[in-house]
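Single-letter residue listing:
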Amino acid sequence: TAFVVRQCHGRRVGSAKVLVTALRSLLRFLFLKGYTPFPLAQAVPTATGWADQSLPRELGAEAVAALLDSCDRDTLVGTRDFAILTVLRRLGLRAGEVAALRLDDVDWRHGEMVVHGKGGSQDRLPLPVDVGEAIVAYLHRRPSVACRALFLRVRAPIGGLTSDAVQDLVRGSCARAGLPSAGPHRLRHHAAKAMLAGGASLPEIGQVLRHARLATTNLYAKVDRVALRTIAQPWPGGAK
C-alpha cells in the first residue's frame, strides 16, 4: 500500500491504473509460482479518479496557424504536410484514419470524403473547400505510383503513410513551428472547439467526429464558456 501511494503521487489517473495493474500481475505470478504464500494481488489499492474530470486539450488558433505556416508549400513534403494538417484541423480525423485514406475515398463530384473509422466503419463527410484545395495542390506533386493511398511517404520504398508516421509528421511540424510537441488528437479537439464556436450542436459535432456515444461528445460542453455563463449561478454574497 505504501508503495502504491508513493508511486501514484503526482501521476495521472491512467498512469496510476497501469501501475497497479502491473503490480497485481506481478503478485499473481509470485503467488502461482509459490514465491509468496498468500494472493497479495487482492491487497493492491485501486487507482480511482473522477470521470470526465479533464478538459479537451486543443491547440489554439495561433498555434494551428503556426503549424500550417511551417510547411514549405513549394516542396512535395511541405505540400503533403499542409494537406494532412488541414484535414486534421478541419475534419478532426484520427491519425489512423488519415493514413487509411485512399485516392478513391475522395468523391470530387459530390464534395465528400469516405473515412474508414474504428471497427471497420465507413462514414461520408463533407469535403470543405480549403481541404479540397490543399489535397489538389498535393496531388499535383504526388508521385505517379501504383499505390492507391492518398498520402505517400517521400522516401523509397514509396508507399502509404502509417498511423505512427502521421503522428510523427504533426510532432515534426510542432518542432518546426517552435511549439511544444503535440499529436494529431490535439487537432481533433481543435476541430471540435471550432465547430462549437461556429454554432454547431453537440450531436452535430459527434456526427463529424464519429463518436459512438454522445457522452464522449458531451466533454466539449465544458469548454463552451458562452453557454456555461447562461447557467452559472450568482456567487453567494453578491460578489462577481
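Model, not experiment: these values are computed from the prediction.

Participant: Just give me the short version of the packing of helix α8 (residues 184-197) against helix α9 (residues 202-209), but keep the residues and values in it.
Facilitator: Where α8 meets α9, the axes come as close as 10 Å, and the angle between the chain directions of the two elements is 145°. Crossing hand, α8 versus α9: right-handed. Seen from α8, the contacting residues are Arg 188, Ala 192, Met 195 and Leu 196; seen from α9, they are Leu 202, Ile 205, Val 208 and Leu 209. When the residues that make up the contact of α8 with α9 are grouped by side-chain class, the tally is seven nonpolar, no polar and one charged.

Participant: I'd like to hear about the pattern of salt bridges, residue by residue, with values.
Facilitator: By the definition in use, this model includes nine salt bridges. Measuring nitrogen to oxygen at the nearest pair gives 3.0 Å for the salt bridge that ties Asp 81 to Arg 80. For the pair shown, Asp 81 and Arg 80 are each scored as buried. Close ionic contact of Arg 171 with Asp 168 constitutes a salt bridge, the shortest N to O distance being 4.0 Å. Placement of the pair is Arg 171 and Asp 168 together in helix α7 (residues 163-176), with a separation of three residues, close to one helical turn. Taken together, the shared-partner salt bridges in this structure form one network comprising Arg 80, Asp 81 and Arg 176.

Participant: Residue-level account of the sheet that holds strand β1 (residues 106-107), with values.
Facilitator: One open sheet accounts for three strands, arranged β1-β2-β3; its pairing is antiparallel. Either end of the sheet is taken by a strand with one partner, and the two such strands are β1 and β3 (122-126). The sheet contact formed by strand β2 (residues 112-116) and β3 spans five bridges and is antiparallel. Among the inter-strand pairings, Glu 112 is bridged to a residue of β3, identified as Pro 126.

Participant: So what about the packing of aromatic side chains? Which residues, and what values?
Facilitator: Considering all chains together, one arrives at one aromatic pair under this definition. Ring centres of Tyr 138 and Phe 151 lie 5.5 Å apart, and the angle between their planes is 35°; this geometry places the pair in the tilted category. Residue Tyr 138 is located in helix α6 (residues 129-139), and its partner Phe 151 is located in the loop between α6 and α7; the two are separated by 13 residues in the primary sequence. In this structure Tyr 138 comes out as buried when scored by relative accessible area, which is 1%. It is Arg 73 that lies over the ring of Phe 82; its NZ or CZ is 3.8 Å from the centre.

Rules behind the numbers
Residues numbered from 1 in each chain as written. Predicted model: local features only at pLDDT ≥ 70, side-chain atom pairs only at ≥ 80, totals over all residues. Heavy atoms only, no water. Axes fitted to C-alpha atoms, helices over the stretch in contact; angles between N-to-C directions. Helix = DSSP H or I, 4+ residues; strand = E, 2+ residues; numbered from the N terminus. Left-handed = near helix turned anticlockwise from the far one by under 90°. Contact = heavy atoms within 4.5 Å. Nonpolar A, V, L, I, M, F, W, Y, C, P; charged D, E, K, R; others polar. Salt bridge = Lys/Arg side-chain N within 4 Å of Asp/Glu carboxyl O. Buried < 20%, exposed > 50% of the residue type's maximum accessible area, 1.4 Å probe, protein only. Pairing = 2+ DSSP bridges. Phe/Tyr/Trp six-rings, centres within 6.5 Å; stacked < 30°, edge-to-face > 60°. Lys NZ or Arg CZ within 6 Å of the ring centre and 35° of its normal.

No statement about biological role is implied by the geometric values presented.
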